[in-house]
Amino acid sequence: MGGEYWAENPWGRGGELHIDGEWNRLDWNLPFVDDEIDNNLRLDRLSYAWGGTRFDPTRQEVGRFLVSGMPELGLIDGYAVSHRLPSGNLVGASIGGQPEPNPDQESGKDLQISAFYRWAYDPMERLTGAIAYQKTWHNGTQDRDVFIGRMDWMPVRGWQMHGNAWLDVYTVDDVGKTAGPELTRLYLTANKDWDGERGLRALYRFDQFPSLLRQEFQLPAPDTVERDHQHRVSLSGWQRLDGGQRLIARAGLWQDEDDMGGDGELGIEYQDLFQSDSRLGLALFDSQGEFTNMAGFRATYAHYTAVGNWDLLYEFARNAETGFPGNADTFYQHRLRGSLGWSPAAHWNLSVSAEEVLLDDSANTLLGVQFDWSF
Amino acid sequence: MKDNKRRNRIRTGWLVALGSYLLIAACATLGPRDPRLHGWWKGLGLVLPHDSFPGDCSLCHVGGSWNTLVEDFEFDHEARTGVALNGAHAKAQCLLCHNDRGPVQVFQAQGCAGCHEDIHLGYLGPNCTDCHRETSWRPFGQVERHAGTRFPLVGRHATASCRACHLGNEVGRFLPVDTACVSCHRRDLAATQNPNHNGLGWVDHCDRCHLPTTWHQAQVVPF
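What you are looking at is a predicted structure, and each value in this text was computed from that prediction instead of being measured.

Brief notes about the overall build of chain A
Alright, step 1. The helix and strand inventory of chain A stands at one helix and 21 strands.
Alright, step 2. Expressed as lengths along the three principal axes of its C-alpha atoms, the size of chain A is roughly 55 × 50 × 45 Å.
Alright, step 3. Going through the 375 residues of chain A one by one, you find that 30% of them count as buried.
Alright, step 4. Long-range contacts, defined as pairs at least 24 residues apart, comprise 35% of the intrachain contacts of chain A with a sequence gap of at least 6.

Right, dumping it as structure tokens:
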């Protein structure tokens, strides 16, 4: 159960108050291990910001928040200030704690300071770049020195290019790394849309684990931090056909420290085939994963109305485990899913879904409900 | 018989401290200040252009506040501006996008990121509509999308909670995960007594004996 409250000008000074939190209860009932009941109250936002308008180029924010203009710095418990220069560029800094990325978002172990500069080529911000530096301490010990860069470019209508990069700087004290700078992450993407007739997207990403004292990831072992990395490149596109259908294709390749593989998907979408405001999708797919080679087909049907939508999915896949010896390494999987989104009245939304995964000798069920009210 | 363990981890001390800090800082800023005229972006015009609207303000505004609109207020945003408001955007408050934090032309050109902060911290790229619809933030098609990774979600993994592997997914963080089975199944390994995997040194390469459909029916082969 969660709620978000956002108020503009709550005290007549043009500021913004933002509160967002959730209460979660988890009941774990698993074979072989103890049952567990877990209650979490999590605060995602509690902040007040002022300035940063055309009347006041200096923006300040205090509380728990993402740094405006540089969310890559992560959630902060503290204070941030940014100032828009006459040129339209932005310079900012922040100081505060870093909540841990666990269900409680506990704060107090990690402290960070950061500064950033954001450059805009023109008032419409068709080309922007940003660079940030962040230094962190974990329980009082120096932890991370990282530079973060980001670029967005929309050269002409229909084109969108985006990139970001994390460059960690290590010392001899960092476990699993050699002293000096190292690229931790790179994300590059380019999208082109030809006025709704066809589209193309290219993506390249590179990831490896940084060496951190802070528990940011799921228990990476020292040798994992030292050698694990992943390159991934993918190309996807779609083309509208004469009959109104959409042809969709995707291909990708990945390579990590041990293996390489890829995936592909070819599909077609029919609009309004059986009824108006509906979409039928058919697709063939294949994926060569680290442990599993999967091939199959998928059918989806969706219908949209003024008050909501519903959709159905059926997927069949043949899965072959690559590391499993013997001849029992293949199993078949059927997935069925239905979901409903409904807005029974203004500002009320209900979303319900049910999913069943049928395997050779077992079945797994997943149910989901989300109900929200905004005013 | 299984033991039941109840853990309540509701922490209030730091909430109170943070709230107090927030209120003190907010009060400190409530001094009178002189309003100033436009400091930047003059060329991009008014926050909410009204120059083509009728002169009679009461056609849309009622009461003593400019923020209150008539109950039957209607505005064909697509016809008047060329920008369609779909899904939840059709019911959004005008000031969420048209405000004095910047020109709406710039917000609109940037797509979702123009108005919505990136809770994924830049890790998932700028194409929000890959996972979210305009009607709801609830993500869709995650299992299908995972087929484009090193780790297609097959068997039990197709219905597992994202949080089982992606630490911090509840707050939008989908950071890289080591694909070795034990990185997510360390607790299962520690609890296994028949046979005692740790005692036998069976602590990695689970996929040599187990399929991702169940921990039962393992195929034991000599290594």
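Digging into the interface of chain A and chain B
Alright, step 1. Taken together, the contacts link 97 residues of chain A with 80 residues of chain B.
Alright, step 2. Top element by residues in the side of chain A that touches chain B is strand β3 (residues 35-53) of chain A. It accounts for 14 residues.
Alright, step 3. In terms of residue class, the side of chain A that touches chain B is built from 37 nonpolar, 34 polar and 26 charged.

What about the nonpolar core?
Alright, step 1. Counting 14 residues, the largest nonpolar core has A:V67, A:M70, A:L73, A:I76 and A:A132 as the members making the most contacts within it.
Alright, step 2. Listing elements by their share of this core, those giving two or more residues are β4 (56-66), β5 (75-84), β8 (127-138) and β9 (141-153) of chain A.
Alright, step 3. For this core, the leading source of residues is β5(A), giving three residues.
Alright, step 4. Excluding residues that lie within four positions of it along the chain, A:M70 makes contacts with A:G92, A:F116, A:A130 and A:A132.
Alright, step 5. In terms of nonpolar packing, the next biggest core, distinct from the first, is built from 10 residues, A:F324, A:F331, B:L153 and B:A158 among them.

Comments concerning unusual backbone geometry
Alright, step 1. Following B:N194, the chain continues to B:P195 via a peptide bond in cis, the omega torsion being -5°.
Alright, step 2. With a phi angle near 55°, A:E125 is a residue other than glycine that sits in the positive phi range.
Alright, step 3. With a phi angle near 60°, B:L121 is a residue other than glycine that sits in the positive phi range.
Alright, step 4. On the secondary structure map, B:L121 appears in the loop between α3 (104-109) and α4 (142-146).

Cut-offs used in this document
- What you see as residue numbers is a count from 1 along each chain, following the sequence as written.
- Whichever chain is written first becomes A and whichever ligand is written first becomes 1, with later ones labelled in order.
- Owing to the predicted nature of the model, reporting of local features is limited to residues with pLDDT of at least 70; listing and counting of side-chain atom pairs is limited to 80 or more, with chain, interface and lining totals taken over all residues.
- A run of DSSP states H or I qualifies as a helix once it reaches four residues; a run of E qualifies as a strand once it reaches two. Both are numbered from the N-terminal end.
- Here exposure depends only on C-beta density: within 10 Å of a residue's C-beta, 20 or more other C-beta atoms make it buried, 12 or fewer make it exposed, and intermediate numbers make it partly exposed, the C-beta atoms being placed from the backbone.
- Working definition of a contact: two residues with C-beta atoms, positioned from the backbone, lying within 7 Å.
- Throughout, the ten residues Ala, Val, Leu, Ile, Met, Phe, Trp, Tyr, Cys and Pro are labelled nonpolar, Asp, Glu, Lys and Arg are labelled charged, and all others, Gly among them, are labelled polar.
- Put simply, a nonpolar core is a cluster of buried Ala, Val, Leu, Ile, Met, Phe, Trp, Tyr and Cys residues tied together by C-beta atoms within 7 Å.

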